[in-house]
Amino acid sequence: MLPFEYIRATDPAQAVATVAVDPAADYLAGGTTQVDLMLKDGIISPQRLVDITRLPLKWITADTTAIRVGTTTTMEELAADPTVSERLPFVRDALLDSASPQLRNMATIGGNLLQRTRCGYFRDPTVEACNKRRPGTGCAAMTGHARMHAILGGSQNCIALHGSDLAVPLVALDTIVHILGPGGVRRVPLTEFYLEPGDTPHIENVLAHGELITEIEIPLLPEDTRSVYLKVRERAAAAFALTSAGVAVVLEAGVIRAARMGLGGVGTVPWRAWDAEDVLRDAPATGETFRAAAEAAVRDPFTMPGTAFKVELAKRTLVPALHTVTGGTP
Amino acid sequence: MAEIPAAKTSLAECEMPGTFEAMESGAIPAGSTTESMRDTGHDHHGTIPEVTVTMRINGRPERLQVDTRVTLLDALRDRLALTGTKKGCDQGACGACTVLVDGKRVLSCLTLAAQCEGREVATIEGLAGHGTRHPVQEAFIRHDAFQCGYCTPGQIMSAVALLAEGRAGSDEDIRVFMSGNVCRCGAYRNIVAAIREVAGRTEA
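Residues numbered from 1 in each chain as written. Chains lettered and ligands numbered in written order. Predicted model: local features only at pLDDT ≥ 70, side-chain atom pairs only at ≥ 80, totals over all residues.

**Some points on the interface of chain B and chain A**
Chain B puts 38 residues into the contact, and the matching count from chain A is 34 residues. Per element, the largest residue contribution to the side of chain B that touches chain A is five residues, and it comes from helix α2 (residues 34–41) of chain B. (Contact = placed C-beta atoms within 7 Å. Helix = DSSP H or I, 4+ residues; strand = E, 2+ residues; numbered from the N terminus.)

**Some words on the packing of helix α11 (residues 287–297) of chain A against helix α12 (residues 309–327) of chain A**
Residue and element names in this part refer to chain A. With their axes 9 Å apart at the nearest point, α11 and α12 run at an angle of 140° to one another. The angle between the axes of α11 and α12 places the two elements in the oblique class. Read as a crossing pair, α11 and α12 show a hand that is right-handed. Contacts between α11 and α12 pair Phe290, Arg291, Ala293, Ala294, Glu295 and Ala297 from the former with Ala314, Lys315, Leu318, Val319, Leu322 and His323 from the latter. A breakdown of the residues in the contact of α11 with α12 according to their chemical character gives eight nonpolar, one polar and three charged. (Axes fitted to C-alpha atoms, helices over the stretch in contact; angles between N-to-C directions. Parallel < 35°, antiparallel > 145°, perpendicular 65-115°, else oblique. Left-handed = near helix turned anticlockwise from the far one by under 90°. Nonpolar A, V, L, I, M, F, W, Y, C, P; charged D, E, K, R; others polar.)

**Some words on the domain arrangement of chain B**
All names here are of chain B. Parsing chain B into structural domains produces domain 1 (20–126) and domain 2 (135–198). Each side of the interface is counted separately: domain 1 has 14 residues, and domain 2 has eleven residues. Put simply, the parts of the chain that give the side of domain 1 that touches domain 2 at least two residues each are β3 (98–101) and β4 (104–107). Considering every element that reaches the side of domain 1 that touches domain 2, the biggest residue donor is β3, with three residues. Per-class residue counts for the side of domain 1 that touches domain 2 are six nonpolar, five polar and three charged. (Domains from an automatic or database assignment.)

**A look at the sheet that holds strand β11 (residues 255–264) of chain A**
Residues and elements named next belong to chain A. Spatially, β9-β10-β11-β12 is the arrangement adopted by the four strands of the open sheet, whose pairing is antiparallel. Where the open sheet ends on each side, the last strands, each with one partner, are β9 (226–232) and β12 (271–272). In terms of strand pairing, β9 meets strand β10 (residues 243–252) through seven bridges, oriented antiparallel. Across the sheet, the residue bridging to Val232 is Thr243, located in β10. (Pairing = 2+ DSSP bridges.)

So this is what it looks like as structure tokens:
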């Protein structure tokens, strides 16, 4: 690992100015991805790290329309927020189903959204072929071992999975990302924040170099909304999702009046299941409806022999999640 | 992590611009200092960026000058000889390096020492009082909650935090909220029993 300069930032605008002008500079927050990739894997080597954890960007506030969360709020802090528990239980559950308590005490909300993929080829510097690390070198997962990879939103160039649980309900909720750049503040919907790999897997989101997420704004759903986060993984805790579903519905006399759905473990980006929502809207809350929605959710997958199982598993995650969310108290 | 050569000159001595002190004073002109820092980063002049950190460890103030790359784990073990905190995976997956920072359990292997300025760090060495073990230590012994013992300091620090978080209400909760601590000897049943006892429960 190359040496780096460490700067403890105290002012957001100055932090942005410092990173924006220096291609070799980067931000440091909880460190659970950044330190891992720098010190341990040697995948990235910024020469200047600007620590943003002392910036005044840690808050959770709520009004009648939205919860606003400062970017350096930790995952444990957000999970403990009473408004989140009361109004957005699937956000709380996605948080508590993530990582471990230790990592959740470190990892920030902004950092969670910007976490890098767990693709083993991306994280192995001895592997030559990785379009995400080195554009134009190919994708080792195409001929190698693909299992914890994406089946939606991928291409021949990259099938690296976005591993966030939190982003699944957030993308379903039309969360807004507030971004501070050298030129000021802009707001981007989370559904438009991430970029599918296409021909440029190394470009993962709309952030320009130096832009900093300062807060996220999570719109609240009507009070009679029920929500569920269901995660399928290879052990009961402290594991990434094979598949997951974050669903929220408003039910009226057995008919689904409103539906939001995000999928985890399947997408190169946190996946909003728009087509499945269309199937659910104004349909009766029956197993038949749920199966049709599940079919729509994973239509036209891009699979490898090692990832093909996820098509069926995603459906078998979504259907019980819908049964649970419509069947009683979430 | 490979051994890091000791720097010959401190940050302050070589008047490197852009140190955190300069940043905090608001004196750093962002763009203009970049090149000189990058040279330093590349070690062209035999100097590796360091940072001075003041923190309290088990209640005692400590002042360290460390390479910016040094983790809290390595600072504890290699600089302060507090070897109770263990290096397991060194990648955030096993929990052997768990310590408390400002009362919260974190992984010292993924925390840079530089990030701990002004923080209160608690390690396994600070848990016992004078001549008296912490109740969690007592319970681990009574319930035979370890075999090789390598993960035990992390297990105990994590358990202390879990009890403080109020998450020992059921065996199921203990298992879920201790999931960041892996025990390759498989002492999980006894670890759960030890924590349950300290929580004041007699059954699952």
